[in-house]
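# Overview (structure and organization)
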Amino acid sequence: MKKYLPVLLHSPLFSGVSEKELIAMLDCLAATTADYAKNEFILRCGERPGAVGLVLNGSVHIIREDFWGNRNILAEAGPGQLFAETYACAECATLGVSVVAAEPATALFLDMRRILTSCSSACAFHARLIRNLLSALAGKNLLMQEKLIHMSQRTTREKLLSYLSAEAQRQGGPGLEIPFNRQQLADYLSVDRSAMSNELSRMRAEGMIEFSRNHFVLLRSR
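Below is a summary of the structure that appears in this document.

Thresholds, definitions, all that
- Residues numbered from 1 in each chain as written.
- Predicted model: local features only at pLDDT ≥ 70, side-chain atom pairs only at ≥ 80, totals over all residues.
- Heavy atoms only, no water.
- Axes fitted to C-alpha atoms, helices over the stretch in contact; angles between N-to-C directions.
- Helix = DSSP H or I, 4+ residues; strand = E, 2+ residues; numbered from the N terminus.
- Parallel < 35°, antiparallel > 145°, perpendicular 65-115°, else oblique.
- Contact = heavy atoms within 4.5 Å.
- Nonpolar A, V, L, I, M, F, W, Y, C, P; charged D, E, K, R; others polar.
- Buried < 20%, exposed > 50% of the residue type's maximum accessible area, 1.4 Å probe, protein only.
- Arc of directions from axis to C-beta.
- Phe/Tyr/Trp six-rings, centres within 6.5 Å; stacked < 30°, edge-to-face > 60°.
- Salt bridge = Lys/Arg side-chain N within 4 Å of Asp/Glu carboxyl O.
- Polar contact = N/O pair within 3.5 Å; in protein donor to acceptor, adjacent residues only side chain to side chain.
- Pairing = 2+ DSSP bridges.

## Examining the packing of helix α6 (residues 156-171) against helix α8 (residues 193-205)
Running from N to C, α6 and α8 cross one another at 70°; their axes reach a closest spacing of 10 Å. Comparing their axes, α8 and α6 come out roughly perpendicular. Each of Thr156, Arg157, Leu160 and Leu161 in α6 lies in contact with α8, whose residues at this interface are Met196, Glu199, Leu200, Arg202 and Met203. Per-class residue counts for the contact of α6 with α8 are five nonpolar, one polar and three charged.

Okay, structure coming up:
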């Protein structure tokens, strides 16, 4: 666990927490870790999680699959970011999504009841942890609202422009890196991969964008 302390100290969940406090927290919250291979399920739809997950290494995708196996990527979480926290807070709720490792990953699990209930030693960091969790939940809600904006666009081009524009603004310039490969991006935007790839090629030919793998540059000549 010690090698992951830098990741945890930079996680929004532990914002304002010292290393000494963090070590005490992990014991108080019955922290456990687990390793996962690429494409391995961490949590499956229908399960009832009792712990909040935090990515220590690698990345995970929060996905929804229909009866026929068609996949929609709802969100991506990297080192220091949370997953399943909403369902863990709602103790009796079963997962309506699945969590899968997008690459080899290590995850930390924290007992949600211990987060929400002050411990017998009345640790000073407990209130701060709850505030941080609420802030993280609010942030996830905003990201989901942003995804809905992308999804509400009528055409594949408009969905791509909405997503790429939002990422460029978030990353502070016309050049940006996205966390998805082409299939994953198509799943995230709920569009056909071939149609999306063709649209990207047309946008590049029209001088709207440049791209190489996961790196994109938005051009001004729209």
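Following the structure, the description resumes.
## Details of helix α2 (residues 19-28)
Burial in α2 covers these residues: Leu22, Met25, Leu26 and Cys28. Angularly, the buried residues of α2 cover 160° about the axis, an arc narrow enough to put them on a single face. Facing away from the buried side of α2 by more than 90 degrees, the exposed set consists of Lys20 and Asp27.

## Section: the packing of aromatic side chains
Summed over the entire model, instances satisfying the criterion amount to five aromatic pairs. Summarising the aromatic geometry, the rings of Tyr163 and Phe180 are spaced 6.4 Å apart at their centres and angled 35° between planes, so their arrangement reads as tilted. Here Tyr163 is found in helix α6, whereas its partner Phe180 is found in the loop between β9 (175-177) and α7 (182-189), with 17 residues between them in sequence. Judged by its relative accessible area of 3%, Tyr163 falls in the buried class.

## Things to note about the pattern of salt bridges
One pass over the structure, following the stated rule, counts eight salt bridges. Glu199 is the salt-bridge partner of Arg202, the closest N and O atoms lying 3.0 Å from each other. Placement of both Arg202 and Glu199 in helix α8 is noted, with a separation of three residues, approximately one turn of the helix. Through salt bridges that share partners, Arg157, Glu199, Arg202 and Glu206 make up one connected network.

## Thoughts on the side chain of Ser162
Mapped onto the elements, Ser162 comes out in helix α6. Of the residues examined, Ser162 reaches a relative accessible area of 16% and is grouped as buried. Among residues more than four places away in sequence, those in contact with Ser162 are Ile149, His150 and Gln153.

## Considering unusual backbone geometry
Although it is not a glycine, Asn39 sits at a positive phi angle of roughly 75°. Locating Asn39 in the fold gives a position in the loop between β1 (32-36) and β2 (41-43). Note on Asn39: relative accessible area 52%, which makes it exposed. Although it is not a glycine, Ser190 sits at a positive phi angle of roughly 55°. The class for Ser190 is partly exposed, based on a relative accessible area of 37%.

## Here we look at the environment of Arg170
Tracing the backbone through its elements, the reader meets Arg170 in helix α6. On the basis of relative accessible area, Arg170 is assigned to the partly exposed category, the value being 43%. Residues in contact with Arg170, not counting those within four places in the same chain, are Leu143 and Glu146. A distance of 2.7 Å separates a polar atom in the side chain of Arg170 from a polar atom in the side chain of Glu146.

## Describing the sheet that holds strand β5 (residues 71-77)
With antiparallel pairing, four strands are arranged side by side in an open sheet as β2-β7-β4-β5. Of all strands in the sheet, those with a lone pairing partner are β2 and β5, marking the two edges. Looking at each pair of strands side by side, their axes are set apart by 35° on average, direction ignored. Sheet topology note: the strand β4 (residues 60-65)/strand β7 (residues 98-101) ladder contains four bridges and is antiparallel. Following the sheet pairing, Ile63 is matched in β7 by Ser98. The strands touched by α7 are β4 and β5; relative to β5, the strand with the most contacts, the crossing angle is about 105°.

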